[in-house]
Amino acid sequence: MALTLKKRSILPGFGLALGYTIFYLCLIVLIPLAATFLKASSLSWSQFWQIASSPRALASYRLTFGASLIGALINLFFGVLVAWVLVRYSFLGKRLFDSLVDLPFALPTAVAGIALTTIYAPNGWLGKPLASLGIKAAYTPLGVTIALTFIGLPFVVRSVQPVLEDMDKELEEAAASLGATRLQTFAQVVLPTIFPAALAGFAMAFARAVGEYGSVVFISGNMPMRTEITPLLIITKLDQYDYAGATAIAVVMLVFSLVLLLPINLLQKWSSSREEKNTEFKAEIAPAGVAA
């Protein structure tokens, strides 16, 4: 009987690394998630549904998902615009402006919430002019949307920026030489190239906003049925020692997050495949261009 030898991996220590990865994933991610579902299972289905579909919970869902969607759409537009400016133009202070894009990543969320509340309060730098126009930002759903827009912008910018950097300007110049206007060039040449990356950034910004807490808790005012987000409702139930109710709402958010991961991963895979195809296409036409 012929012996089948196991093919050795080129990289040493694969088994040890894989075992550590699975152990770390179980310890940090899977076990806490399983504990959440286990705690929620102590409730009957009718009790779970009563808590998860209560008027207060439904109001928090509407605000959380609605404000997150609006914020992500705003970031989709302005994120592409910011990425375009950073890639296509050179100006004084460009590096500083580029580093400021990552500020929501580095800034503690509580600090961001306090800063936004101070700025958009009725007597703040921006809140006072808005109040004179009859617009109240802080302690309203508008304030929640502003906070979620603030923390989600880097996702779109950093997703689109490398795609624009790898895109050849010759494609735009060729379209212009063929008589295309700037709008036609952007719509038919640039947009199809950056669309998968922009869509992936939009999905990540939306997912990040759904679970945001620190930057929203100060500017929202935390008024039940009006400006109370779902993460805050979970914290409130924990403060009231209603652990079963908190986990019931947490399970709803967790299931939504798991469902949201699928399209995000598909979008990222689609974006990567398009970039690989573009790279292969450039490699194929490069020799032809040199020969010409």
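Got a sec to walk through the overall build of the protein chain? Specific residues and values, please.
The helix and strand tally for the protein chain stands at 13 helices and 0 strands. Along the chain direction, N to C, the helices and strands of the protein chain fall in the order α-α-α-α-α-α-α-α-α-α-α-α-α. When the 292 residues of the protein chain are sorted by exposure, 36% land in the buried category. Summarising the internal contacts of the protein chain: among those between residues at least 6 apart in sequence, 75% fall at separations of at least 24. In the form shown here, the protein chain has an accessible surface area of approximately 18,100 Å², with 70% of it arising from carbon and sulfur atoms.

Residues and numbers for a nonpolar patch on the surface, please.
A cluster of nonpolar side chains, Tyr20, Phe23, Tyr24, Leu25, Leu27, Ile28, Val29, Leu30 and Ile31, forms an exposed patch at the surface whose accessible area comes to about 890 Å². Inspection of the secondary structure puts leucine 30 in helix α1 (residues 14-40).

Outline the side chain of threonine 185, supporting the account with residue identities and numerical values.
Looking at the element boundaries, threonine 185 is found in helix α10 (residues 182-210). Leave out the neighbours within four places in its chain, and threonine 185 touches Glu172, Ala175, Ala176, Ala180 and Val190.

Give me the packing of aromatic side chains: which residues, what numbers.
Inspection of the entire model under this criterion finds 11 aromatic pairs. Aromatic pair phenylalanine 77 and phenylalanine 78: ring centres 5.0 Å apart, planes at 85°, arrangement edge-to-face. Taking the relative accessible area as the measure of exposure, phenylalanine 78 reaches 44% and is therefore partly exposed. Each ring, one from phenylalanine 105 and one from phenylalanine 155, has its centre 5.1 Å from the other, and the planes form 85°; the classification is edge-to-face. With phenylalanine 105 in helix α5 (residues 103-106) and phenylalanine 155 in helix α8 (residues 141-166), this pair connects stretches of sequence that are 50 residues apart.

Any details on the side chain of threonine 145? Residues and values, ideally.
Checked against the element boundaries, threonine 145 lands in helix α8. Classification of threonine 145 as buried rests on a relative accessible area of 12%.

Please set out the packing of α8 against α10 residue by residue, giving values where relevant.
With their axes 8 Å apart at the nearest point, α8 and α10 run at an angle of 150° to one another. With respect to α10, the axis of α8 lies roughly antiparallel. Of the two elements, α8 crosses α10, and the hand of that crossing is right-handed. Residue-level inspection shows Leu148, Ile151, Gly152, Phe155, Val156, Ser159, Val160, Val163 and Leu164 of α8 in contact with α10, the latter providing Val190, Thr193, Ile194, Ala197, Ala198, Gly201, Phe202, Met204, Ala205, Arg208 and Ala209. Of the residues contributing to the contact of α8 with α10, the split by class is 15 nonpolar, 4 polar and 1 charged.

Report on a negative patch on the surface, specifying residues and quantitative values.
There is a patch of like negative charges on the surface, built from Glu165, Asp166, Asp168, Glu170 and Glu173. Every element with two or more residues in the negative patch is listed here: α8 and α9 (169-177). Topologically, glutamate 173 is positioned in helix α9. The class for glutamate 173 is exposed, based on a relative accessible area of 52%.

How would you explain unusual backbone geometry if you had to name every residue and give the values?
If you check the backbone angles, tyrosine 139 has positive phi at about 65° while not being a glycine. Tracing the backbone through its elements, the reader meets tyrosine 139 in the loop between α7 (127-132) and α8. What makes tyrosine 139 partly exposed here is its relative accessible area of 31%. Phi is positive for methionine 225, close to 70°, though the residue is something other than glycine.

I'd like a rundown of the environment of phenylalanine 155, residues and numbers included.
Phenylalanine 155 gets classed as buried once you look at its relative accessible area, which sits at 17%. Through-space distance from the C-alpha of phenylalanine 155 to that of methionine 204 is 6.4 Å; in sequence the pair is 49 residues apart. Non-local contacts of phenylalanine 155, meaning those with residues more than four positions away in its chain, are made with Phe105, Gly201, Met204, Ala205 and Arg208.

Describe the pattern of salt bridges, with residues and values.
According to the stated counting rule, one finds 5 salt bridges in the structure shown. The salt bridge partner of arginine 158 is aspartate 98, with a shortest N-O separation of 2.8 Å. Here aspartate 98 lies in helix α4 (residues 94-100) and arginine 158 lies in helix α8, a separation of 60 residues in the sequence. Of the residues examined, aspartate 98 reaches a relative accessible area of 23% and is grouped as partly exposed. Salt bridges linked by common partners bring Asp98, Asp102 and Arg158 together as one network.

About the thresholds
Residues numbered from 1 in each chain as written. Predicted model: local features only at pLDDT ≥ 70, side-chain atom pairs only at ≥ 80, totals over all residues. Heavy atoms only, no water. Helix = DSSP H or I, 4+ residues; strand = E, 2+ residues; numbered from the N terminus. Buried < 20%, exposed > 50% of the residue type's maximum accessible area, 1.4 Å probe, protein only. Contact = heavy atoms within 4.5 Å. Areas by Shrake-Rupley, 256 points an atom, 1.4 Å probe, with all protein chains shown as cover. Patch = residues over 30% accessible without salt bridge, like charges linked within 9 Å, V, L, I, M, F, W, Y side chains within 5 Å. Salt bridge = Lys/Arg side-chain N within 4 Å of Asp/Glu carboxyl O. Phe/Tyr/Trp six-rings, centres within 6.5 Å; stacked < 30°, edge-to-face > 60°. Axes fitted to C-alpha atoms, helices over the stretch in contact; angles between N-to-C directions. Parallel < 35°, antiparallel > 145°, perpendicular 65-115°, else oblique. Left-handed = near helix turned anticlockwise from the far one by under 90°. Nonpolar A, V, L, I, M, F, W, Y, C, P; charged D, E, K, R; others polar. Lys, Arg positive; Asp, Glu negative; His and termini not counted. Charge placed at Lys NZ, Arg CZ, Asp CG, Glu CD.

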